Amino acid sequence: MTGEITCLGAKNFVIKAMVASLLGETQTTLSNVPAIGDVDITAELLTSVGVTVERVDSDRLRIDPSTMRTSTVPVPHSGSNRAPILLLSVLLHRFKTVSVPVVGGCKIGARAVDFHLDAIRAFGGVVEENEDGYVARRIKPLKGAQIDLPYPSVGATETCLFLSVLAEGRTVISNAAIEPEIMDLITMLRSMGAIIFTSSGREIRIEGVKSLNGTNMQVLGDRIEAASWASLACASNGDVTVHGIRPDTLGNFLAYYRQIGGGFELMGAESMRFFRQSPLRPAVIETDVYPGFSTDWQQPFAILLTQASGISIIHETVYEKRFGYLKDLSALGAKTQITTHCLGAETCRFRDKNHEHSAIIMGPTPFTAIDEMIIPDLRAGLAYVIAAAIARGVSTLRGVDFLERGYGNIVPRLSSMNLQIERVVES
Ligand code: EPU
């Protein structure tokens, strides 16, 4: 593929920023808001409790929490995502009883929410789980707490931040997630009036305040999109310039990209050119929390590794069930094997649990198109798009709803990079 593409605003920040805006007493305007399914689902959740959510233009979303009137969040019609569990904490500052529906998102592991629920309890709330979702109650205002997360979970760190900024007194979160999206969320909360101190490690200290205001916040470029376009450029032996991405947010992705034979050039503050520099070499990769190699980069990168000469290994340490998509790629010609062993340098939480969380990829394997590829989840969906792009022949992908939850305007944006892609509407 050749051409230019602009990364949309980060899915994994915008949803949290929308939820965070409910902590303010005045309206918040978010810019660089992507037109993706997850934003629609979150907007529906917010609207269902009375919050006014308005698209100011194609780029900006205005959220006014002053019209909020209920704390019972119904099941959204437009789909499900991770936002309900975050809403539980945010709404608990405003209401004494809050109920939210079951959390959705991609089925890539158990995706428990126990850290979130334990955090609410530590702040003085009472939480019950039932088959419809979660109910949280409090008698008095929430009180700051010492939270030591068992794992640096992104979502649980966000819950702790939301609980702490308006809680009485001090909170210390240890073993917190420090992904770029978390750092931007902290910036947003600080601009709303929160007092949050970060440290050189994984500790965050928050001094609760009585109230917060709305703010203006620009959504950072999506680093998962950027890694996907970089993988597409290299896998197809093309040349793609990606705009709207802060290079620092790509961290170790760039190191592995270079190591396997990918090339890149910085083209400005938020633009990068990606291409193949030399014949592709295999790699041994372990996914990890930030600043490690993100689990969300794993799938597009795996397609690249199928085209490298030799044996590559990926040890998935964040989700226990994120390799199902590899099995289906064998129909195109990929040679892969999935194992329950920890094949990385370290053993991980999934050791001895019988989860197929390490993959061996033998390359290079040219791909031949197949008639039906069923997309199992969002990131695997983009991996399938890359696989189909480099396969000989025409492939049909089904389940594009998964893809559109996280990648906006996918067909026109990929067409502009010379990929022959069209949306088939079935009668
Ligand atoms: N975990 C628990 N208990 C909890 C919370 C998490 O055991 O209460 C475990 C999870 O089961 C998982 C690990 O901790 O094994 C990490 O989960 P985390 O909470 O960090 O993930 P998340 O907040 O649910 C976000 C992104 C994911 C991304 C992960 C890791 C959003 C909406 N989703 O999920 O993005 O993979 O962080 O970086 O922010 C995607 O975009 O395709 C996607 C899955």
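For clarity, every value in this text was computed on a predicted model and none was experimentally measured. (Residues numbered from 1 in each chain as written. Predicted model: local features only at pLDDT ≥ 70, side-chain atom pairs only at ≥ 80, totals over all residues. Heavy atoms only, no water.)

Asker: What is the right way to read the site of the ligand from this model?
Answerer: Surrounding the ligand, one finds 23 residues, the nearest of these being Lys16, Asp114, Ser153, Val154 and Val318. Taking Asn12, its side chain carries an N or O atom lying 3.0 Å from an oxygen atom of the ligand. Between the ligand and the protein, one listed contact pairs an oxygen atom with a side-chain N or O atom of Arg349 at 3.4 Å. Compared with its free state, where it exposes 820 Å², the ligand has 92% of that area covered by protein. Breaking the shell around the ligand down by element, the ones donating at least two residues are helix H1 (11–20), helix H4 (114–122), helix H5 (154–165) and helix H11 (378–390). Among the residues making up the shell around the ligand, the classes are represented as nine nonpolar, five polar and nine charged. Both of domain 1 (10–218) and domain 2 (223–415) provide at least three residues apiece to the shell around the ligand. (Near = heavy atom within 4 Å. Polar contact = N/O pair within 3.5 Å; in protein donor to acceptor, adjacent residues only side chain to side chain. Areas by Shrake-Rupley, 256 points an atom, 1.4 Å probe, with all protein chains shown as cover. Helix = DSSP H or I, 4+ residues; strand = E, 2+ residues; numbered from the N terminus. Nonpolar A, V, L, I, M, F, W, Y, C, P; charged D, E, K, R; others polar. Domains from an automatic or database assignment.)

Asker: How should the side chain of Thr306 be read in this particular structure?
Answerer: Here Thr306 is to be found in helix H9 (residues 298–306). Residue Thr306 is classed as buried on the basis of its relative accessible area of 0%. Polar contacts involving the side chain of Thr306 include one to the main-chain carbonyl oxygen of Ile303, which spans 2.5 Å. Separated by 2.8 Å, the side chains of Thr306 and Gln307 make a polar contact. (Buried < 20%, exposed > 50% of the residue type's maximum accessible area, 1.4 Å probe, protein only.)

Asker: Can you help me understand the nonpolar core in this one?
Answerer: If you look at the biggest cluster of nonpolar residues, it comprises 74 residues, and the most contacted ones within it are Leu88, Leu161 and Leu189. No other element matches helix H3 (residues 83–94), which puts eight residues into this core. Those residues in contact with Leu189 that lie beyond four places of it in its chain are Ala20, Leu23, Leu161, Phe162, Val165, Ala194 and Ile196. With 72 residues, the next largest nonpolar core counts Val240, Leu305, Leu326 and Phe367 among its residues. (Core = buried A, V, L, I, M, F, W, Y, C linked by side-chain atoms within 4.5 Å. Contact = heavy atoms within 4.5 Å.)

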